[in-house]
Structures are given as structure tokens and as C-alpha cells.
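The chain contents come next:
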Amino acid sequence: MSEDLAIRVRGLVNRFGPHVVHDGLDLDVRRGEVLGIVGGSGTGKSVLLRSIVGLVKPASGTIEVLGTDLRTADPETRRAIELRWGVMFQDGALFSSLTVRENVEVPLRGIEGLDPDLRRALADMKIALAGLPAKAADNYPSELSGGMRKRAGLARALALDPEIVFLDEPTAGLDPIGASAFDVLIRQLSQTLGLTVFLVTHDLDTLHACCDRIAVLAEKKVLVTGTMADMLQVDHPWVHEYFHGPRARAAQDAREPDGRAG
Ligand SMILES: Nc1ncnc2c1ncn2[C@@H]1O[C@H](COP(=O)(O)OP(=O)(O)OP(=O)(O)O)[C@@H](O)[C@H]1O
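Owing to the predicted nature of the structure, the values given are computational and were not obtained by experimental measurement.

## With respect to the nonpolar core
Move 1: Core analysis: the largest hydrophobic core is formed by 65 residues, its most contacted members being F198 and L199.
Move 2: Counting residues per element, this core draws most heavily on helix α5 (residues 146–157), at five residues.
Move 3: Residue contacts for F198: discarding those within four places in its chain leaves I7, V29, L35, I37, L49, I164 and F166.

Printed below as a string of C-alpha cells:
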């Protein structure tokens, strides 16, 4: 596996009963890039994310993360790799009975011998990093807005200083101002922390604001990868409609002069 790759997927097959979701899917995610995964509803974006992080067991194929083939790795090696990534699920997937701080502390509890005061301080640091006010640490998820819950989920994903962060539709359900603030946060985190970001999204503004490259899922595989400029040249019905439709034009018009992805 190339040193430059954070994730390398080859020949991935996922099926649920007779329903084939991925059929020979290949994907490279480069270290330090923000890669946006797009595709029509049901094309298997979340299943791809979930199979990389081990929540879905593929029928076949190889998945290498940070140089290790996860499907053949022994449990100890696998666990060591799992500590090097963080996942933010669409709804934040927070424990409702725990405060935000306690949620962020959950992954830190796996570190043997970590002093509770230090654990608390580390959690508070991640909460600040995710752009939440300090007082939010003592709130329960139900006391937060949707945007704040997403930030809390991000803080938990960052708890162990991961090299890779998986984000499943981070801006879904946010109002446009909240969504663009989240875009800025993702971009800043990737730049300041050197994170590799695997970002599943439907949001064209997010693609413009955050992503270095885009991978399009269609026809049970990654149909094409490239910059936003590359996407505009792709002659495939869904890809053309997605990147040239009215919403795409609005996102393009709203783009900052230093916008990403092309
Ligand atoms: N656990 C499961 N059991 C059976 N089918 C599943 C399961 N998980 C996903 N699927 C099916 O796999 C397909 C891909 O699902 P997935 O959630 O990855 O799509 P997606 O591209 O993320 O869609 P969306 O954009 O709507 O979120 C869908 O048809 C879904 O119904």
C-alpha cells in the first residue's frame, strides 16, 4: 500500500440477501485529504463507510486502513488501527443518559491509567475544538440544538486525536448558516490537525467548501473520483444532473474565491 494512502479499498462486494449494494468497488483515500463521497439515495455511501470501520461485514474485497488489511488483521492489530480513527454518525449517536463531556470521555476511558481529571480536561479541550461553548459540556444531548449535537458527536470522534475522521452527512438537517459554519469547522480541522476526512454528503455547498476530491458512487461502485473541476466534465447522466443542476449552480455561485474541490 502506498505511503500516501490512508484507505485503500479493492474489489469490495456488499450484499444484503439478494440485494447487491457494492460489486467490485475500488477506492483510494489519500492521507491528509478531505474526500467527499456522493451518490444517489441508496447507492451505498453509508454502507461503504460502515464496512470500512467494521460495522458491516463485506462479502469480499480488501480494506486497508493506514497500511493494515483490516479483514486479515489479528484483533490486537485491528484494535490499534481503530484507535487511529474517529466516526461521527449522522444523528451524532450520543448516549442520551450522559452529558456531552461524559460522551466525549467514553473513548478516553479505554486509555489505561489516565487520570480522571486529565480525562475531563482532554474532553473539554475536544469540546472547545468542535466549536461548542464550555457550558455545553454539562448539557445532556436532549438539551442541545441539532447543530450542537453534531458538534458534540464531532468532539467525541476527535477524542483520541485520530488520523482519520469519518463523517456521515455532517450538515444534514442543519439550517444553511449552521451548515456553512460546520463546513468551515471541517476545513479548519483538516488543515490544522492534518486530518484525513472521509465525508459522506449530499450537500453541494459542503463539497465546494471542504473537499479536495470527490468520489461518486453509482452502478454499485465508485464511478469516478476527482476534483470539482473534473466532476463538471463527467458525461454520466446522474453525475451531470447532480453537478450541473440548479442547486449545483447555486452552490457554485455562492463559492468563496478560495473555495475547494476544483
Ligand atoms: N443492514 C441492512 N440490511 C439490509 N439492507 C441494508 C442494510 N443497510 C443498508 N441496506 C441497504 O443498502 C442500500 C444502501 O444503503 P446506504 O444507507 O448505504 O445508502 P446511502 O447511499 O447512504 O443512502 P442515503 O443517501 O439515502 O443515506 C440501501 O438499499 C439500503 O436499504
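## Focus on the pairing of strand β1 (residues 5–16)
Move 1: Relative to strand β2 (residues 19–30), β1 is paired through nine bridges, and the arrangement is antiparallel. In the strand pairing of β2, L12 is matched with L25.
Move 2: Counted along the chain from β1 to the antiparallel partner β2, the turn is two residues long, and its residue G17 has a positive phi close to 60°.

## Some thoughts on the site of the ligand
Move 1: Neighbouring the ligand are the residues F16, V21, G39, S41, G42, T43, G44, K45, S46 and V47.
Move 2: Broken down by element, the shell around the ligand gets its largest block of residues, three residues, from helix α1 (residues 45–52).
Move 3: Within the shell around the ligand, the residues separate by chemical class into three nonpolar, six polar and one charged.

## Let's talk about the sheet that holds strand β10 (residues 221–226)
Strand pairing within a sheet occurs via backbone hydrogen bonds; the two strands may be parallel or antiparallel.
Move 1: Sheet architecture is open: six strands sit in the order β6-β7-β8-β3-β9-β10, paired in mixed fashion. With partners counted over all chains shown, the strands left at the sheet margins are β6 (85–88) and β10, one partner each. Shown here is a sheet whose adjacent strand axes are inclined to one another by a mean of 20°, direction ignored.
Move 2: Examined bridge by bridge, strand β3 (residues 34–39) and strand β9 (residues 213–218) share five bridges and lie parallel to one another. Considered in β9, the bridge of G36 is made with I214.
Move 3: Along the sheet face, α1 touches β3, β7 (164–168), β8 (196–200) and β9 and points at about 145° away from the line of β8.

## Section: unusual backbone geometry
Move 1: Of note, the phi angle at D161 is positive, near 50°, even though the residue is not glycine.
Move 2: Within the secondary structure layout, D161 lies in the loop between α5 and β7.
Move 3: Of note, E219 is a non-glycine position whose phi angle comes to about 55°, a positive value.

## Regarding the packing of helix α3 (residues 100–108) against α5
Move 1: Contact geometry of α3 with α5 gives a least axis separation of 8 Å together with a crossing angle of 30°. Regarding the angle of α3 to α5, the classification is roughly parallel. Relative to α5, the crossing made by α3 is right-handed. The segment α3 lies against α5, with V100, N103, V104, V106 and P107 engaging A152, A155 and R156.
Move 2: Of the residues in the contact of α3 with α5, the class split is six nonpolar, one polar and one charged.

About the criteria used
- Residues numbered from 1 in each chain as written.
- Predicted model: local features only at pLDDT ≥ 70, side-chain atom pairs only at ≥ 80, totals over all residues.
- Core = buried A, V, L, I, M, F, W, Y, C linked by C-beta atoms within 7 Å.
- Buried ≥ 20, exposed ≤ 12 C-beta atoms within 10 Å, placed from the backbone.
- Helix = DSSP H or I, 4+ residues; strand = E, 2+ residues; numbered from the N terminus.
- Contact = placed C-beta atoms within 7 Å.
- Pairing = 2+ DSSP bridges.
- Near = placed C-beta within 6 Å.
- Nonpolar A, V, L, I, M, F, W, Y, C, P; charged D, E, K, R; others polar.
- Axes fitted to C-alpha atoms, helices over the stretch in contact; angles between N-to-C directions.
- Parallel < 35°, antiparallel > 145°, perpendicular 65-115°, else oblique.
- Left-handed = near helix turned anticlockwise from the far one by under 90°.

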